[in-house]
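Read off the chains here:
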Amino acid sequence: MNRLTKYLDTNPTLRPYYLMWLRRTTKTIDKWPEKKFVKGVMDCYERHMGYRFDIHNPKLFTEKLQWYKVYYKRDDFANITDKYLFKQYVKERIGEGYTIPCLGAWTSVKELQKDWSSLPEEFVIKANLQSDARNIKIIHHKSEIDFKKLKPELKRWLKVRNTLVNSWDWHFYNGTPRILAEEYMANFEDQLYDYKLFCFNGEPYCVYVAQDHFGKDGSHISFYDLDWRKLDVQYGRHLVGDAEKPKHFNEMVALSKKLSGGFPFVRVDFFDTDEHLYVAELTFAPGGGVTQYHPEEFNRTLGDMFHLPRE
């Protein structure tokens, strides 16, 4: 751990100012040379997990995710990780109707403003290259919205420095920042759970159930095997909850096999309602690989199942 990292750790109130300065004075991370990028990935891992490891000889699941973020590259990643383009990817893999209907997507706020009047009174807008429920707005009454006041926030969503393009994850580096509008799904606001299946080479292993998928303090996360037996696992500092088996669970498992085929690892995320099942996204590095699993043996079990595609 270098001196600056130690200083920021002992003076945490200064970290936001340091990060702001760093974003304004350096190239975005996607432009960094590999050696510097790897160092940044490892510094980030040490900061969160408390130790370093040999990135070329990872053992645990979270360690292997760091290798995955740096070295696993595919030409089609932009179509898979982009919350707009992935809708077409899902359609091609499993058919129509499994993603929330899209009303449009824009690469500039000016273009969105031109189309604003044609959007319905109620809808959702979100950034296509963000996670953890960041940069999402539910518009309940469009006629009451002053678009001029909304513009500065939307412009921030489109800046590369504020997106996952500027992250420690190569999978997002060919993405194009967009704002997309989706149909408002009334039953989603009352939906307490989302379901995330950990899949290795096309085979789901377990499901992580998140209560309150908007990530508020006190959210509950629990793990189940495919027979819906609860696993003794805690994820980070989240509370461990209880969840009933979802209505469309068997369909989730079947679809996750189709969507995860060909990937050494991918987490397939779903929303489930009484009427329908929706694919939320495909995630290649859950929590950036810097969230701890308790007990650590679970981290090792996942790591043993994760076979990296080394050249």
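The present account deals with the structure reproduced in this document. Source: prediction; values computed, not measured.

### A word on the overall build of the protein
Turning to step 1, where the next piece is worked out: Per the secondary structure count, the protein includes 10 helices and 12 strands.
Turning to step 2, where the next piece is worked out: Put simply, of all contacts in the protein between residues at least 6 apart along the chain, 62% involve residues at least 24 apart.
Turning to step 3, where the next piece is worked out: For the protein, the exposed area adds up to about 16100 Å²; of that, 48% sits on carbon and sulfur atoms.

### Digging into the side chain of Ser-256
Turning to step 1, where the next piece is worked out: Tracing the backbone shows Ser-256 in helix H9 (residues 249–260).
Turning to step 2, where the next piece is worked out: Of note is the side chain of Ser-256, whose polar atom sits 2.8 Å from the backbone oxygen of Val-253.
Turning to step 3, where the next piece is worked out: Apart from residues lying up to four places away in sequence, Ser-256 is in contact with Leu-197, Cys-199, Pro-204, Val-268 and Phe-270.

### Quick word on the pattern of salt bridges
Turning to step 1, where the next piece is worked out: Summed over all chains, the structure comprises 18 salt bridges.
Turning to step 2, where the next piece is worked out: Of the charged contacts in the structure, one is a salt bridge between Asp-76 and Arg-74, with a shortest N-O distance of 2.7 Å.
Turning to step 3, where the next piece is worked out: Asp-76 gets classed as partly exposed once you look at its relative accessible area, which sits at 23%.
Turning to step 4, where the next piece is worked out: Residue classification places Arg-74 among the partly exposed positions, given a relative accessible area of 22%.
Turning to step 5, where the next piece is worked out: Here the salt bridges do not stand alone but share partners, grouping Lys-39, Asp-43, Glu-46 and Arg-52 into one network.

### A short note on unusual backbone geometry
Turning to step 1, where the next piece is worked out: Looking along the chain, the bond that leaves His-294 and enters Pro-295 is cis, with omega of 5°.
Turning to step 2, where the next piece is worked out: Locating Pro-295 in the fold gives a position in the loop between strand E12 (293–294) and helix H10 (296–305).
Turning to step 3, where the next piece is worked out: For Asn-135, which is not a glycine, the phi torsion comes out positive at approximately 55°.
Turning to step 4, where the next piece is worked out: Its location among the elements puts Asn-135 in the loop between strand E2 (123–127) and strand E3 (136–139).

### Digging into the nonpolar core
Turning to step 1, where the next piece is worked out: Judged by nonpolar contacts, the single largest core of 63 residues is most densely connected at Phe-61, Tyr-68, Phe-198, Phe-223 and Tyr-293.
Turning to step 2, where the next piece is worked out: By residue number, the principal contributor to this core is helix H3 (residues 34–49), which donates seven residues.
Turning to step 3, where the next piece is worked out: Beyond its immediate chain neighbours, meaning those up to four positions away, Tyr-293 contacts Phe-61, Thr-62, Phe-198, Phe-223, Val-233, Gln-234, Tyr-235, Phe-298, Asn-299 and Leu-302.
Turning to step 4, where the next piece is worked out: Formed by 16 residues, the second largest nonpolar core is a distinct cluster that contains Leu-112, Phe-147, Trp-157 and Ile-179.

Scoring rules and cut-offs
- Residues numbered from 1 in each chain as written.
- Predicted model: local features only at pLDDT ≥ 70, side-chain atom pairs only at ≥ 80, totals over all residues.
- Heavy atoms only, no water.
- Helix = DSSP H or I, 4+ residues; strand = E, 2+ residues; numbered from the N terminus.
- Contact = heavy atoms within 4.5 Å.
- Areas by Shrake-Rupley, 256 points an atom, 1.4 Å probe, with all protein chains shown as cover.
- Polar contact = N/O pair within 3.5 Å; in protein donor to acceptor, adjacent residues only side chain to side chain.
- Salt bridge = Lys/Arg side-chain N within 4 Å of Asp/Glu carboxyl O.
- Buried < 20%, exposed > 50% of the residue type's maximum accessible area, 1.4 Å probe, protein only.
- Core = buried A, V, L, I, M, F, W, Y, C linked by side-chain atoms within 4.5 Å.

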